[in-house]
Amino acid sequence: MRRLKRGVLIVFEGIDGAGKTTHAKLLEEWLRNEGYNVTLTKEPTDGEIGYLVREHLRRKDFHPATLALLFAADRMEHIEKELKPRIESGEVVISDRYVESSICYQAADGVDAEWIESINKWALNADLTILLDVDVQTAMRRMESKVRDKYEEGDFLEKVRNIYLERARRKGYSVIDATSPLMKVQMEIRRLVLQLMKEKW
Ligand code: TYD
């Protein structure tokens, strides 16, 4: 088993239908085969608060600021119970969504972005944030058969995408064109991760 001095947190971001879950799983398998101790996790989590959030995304009944608080509370438990202990013990942790999802989705839903940042201030910084970027038409086609939650509508996702792209430019996140063939996208992800690992040995 390969040991890192300190674990790392790799985050996948992007609009619904970008392929985060598929790529996070492929990366997890590859890193495990390479001998790393890996955990794949996600937000909203499968915990009590994550469950509550999903329920209200389906019912579309909560105020967007309430959702922002719930996402932040879900994240707090996620960080304390899972992310911190795993990173401290040297694991590679991959999270399917993290703080940027709150900033981009809830800001697109009318919540003040600075306030969202402030209620997420205590969150650990990710070592690598990868934005999988797709146009909304492609994303909607990928979700065609799905029952749509609160945020899974074209006009809304267009706003979210624009905020993601603008923030990625400002914060220096890695943006990958996720309309490319699956393995081409995955190889680009692995290249970024290898670069990060080299810095972390
Ligand atoms: P999603 O990644 O689709 O999770 P799952 O497939 O497990 O239901 O996330 C559900 C929705 O929640 C998605 O539309 C994005 C949204 N979301 C936010 O609006 N803010 C957040 O902080 C997070 C983590 C997700």
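This text goes with the structure placed above it.
So, a few notes on the structure that sits alongside this text. (Residues numbered from 1 in each chain as written. Predicted model: local features only at pLDDT ≥ 70, side-chain atom pairs only at ≥ 80, totals over all residues. Heavy atoms only, no water.)

## Notes on the packing of helix H1 (residues 20-33) against helix H8 (residues 182-200)
In plain terms, the rule: All axes here are fitted lines through C-alpha atoms, helices being fitted over the stretch that makes contact, and every angle between N-to-C directions spans 0 to 180 degrees. To qualify as a helix, a DSSP run of H or I must reach at least 4 residues; to qualify as a strand, a run of E must reach at least 2; elements of each kind are numbered from the N terminus. For classification purposes, angles smaller than 35 degrees are called roughly parallel, those larger than 145 roughly antiparallel, those between 65 and 115 roughly perpendicular, and all remaining angles oblique. We call a crossing left-handed when the near helix sits turned anticlockwise from the far one by less than a right angle, and right-handed when that turn is clockwise. The contact criterion used throughout is that any non-hydrogen atoms of two residues lie within 4.5 Å. Throughout, the ten residues Ala, Val, Leu, Ile, Met, Phe, Trp, Tyr, Cys and Pro are labelled nonpolar, Asp, Glu, Lys and Arg are labelled charged, and all others, Gly among them, are labelled polar.
Packing of H1 against H8 leaves a shortest axis separation of 10 Å and a crossing angle of 55°. The angle between H1 and H8 places the two elements in the oblique class. Between H1 and H8 the crossing geometry is right-handed. In this structure, H1 uses Thr22, His23, Leu26, Leu27, Trp30 and Leu31 to contact H8, whose residues at the interface are Leu182, Met183, Val185, Gln186, Ile189, Arg190, Val193, Leu194 and Met197. The class makeup of the residues in the contact of H1 with H8 is 11 nonpolar, 3 polar and 1 charged.

## Notes on the site of the ligand
Cut-off, in case you're wondering: Whether a residue is near a molecule or strand depends on its heavy atoms: if one lies within 4 Å, it is near. Within 3.5 Å is the distance limit for a polar contact, defined as a pair of N or O atoms, with the added protein rule that one can donate a hydrogen and the other accept it, and that residues adjacent in sequence qualify only through two side-chain atoms.
Around the ligand sit 14 residues, and of these Arg75, Arg97, Ser102, Tyr105 and Gln106 come closest. With respect to the ligand, the side chain of Lys42 contributes an N or O atom lying 3.3 Å from an oxygen atom. In the environment of the ligand, an oxygen atom lies 2.7 Å from a nitrogen or oxygen atom belonging to the side chain of Arg97. Every element with two or more residues in the shell around the ligand is listed here: helix H2 (48-59), helix H3 (64-88) and helix H4 (99-108). Ranked by the residues each element gives to the shell around the ligand, the list is headed by H4, at 4 residues. Classifying every residue of the shell around the ligand by side-chain character gives 5 nonpolar, 3 polar and 6 charged.

## Concerning H8
Definition in use: Expected helix span is computed as 1.5 Å times (number of residues minus one). Remark: exposure states derive from per-residue accessible area (1.4 Å probe, protein chains only) relative to the maximum for the residue type, with buried under 20%, exposed over 50%, and partly exposed in between. Comment: arc refers to directions from the helix axis out to C-beta atoms.
The end-to-end C-alpha separation of H8 is 27 Å, in line with the 27 Å expected for 19 residues at 1.5 Å each. Taken as a whole, H8 has its buried residues at Val185, Gln186, Ile189, Arg190, Leu192, Val193, Leu196 and Met197. Taken around the axis of H8, the buried residues stretch over an arc of 165°, which confines them to a single face. Counted as exposed and oriented over 90 degrees from the buried face of H8: Lys184, Lys198 and Glu199. Residues of H8 that are buried make contact with strand S1 (8-13), H1, strand S3 (92-96), strand S4 (128-133) and strand S5 (174-177).

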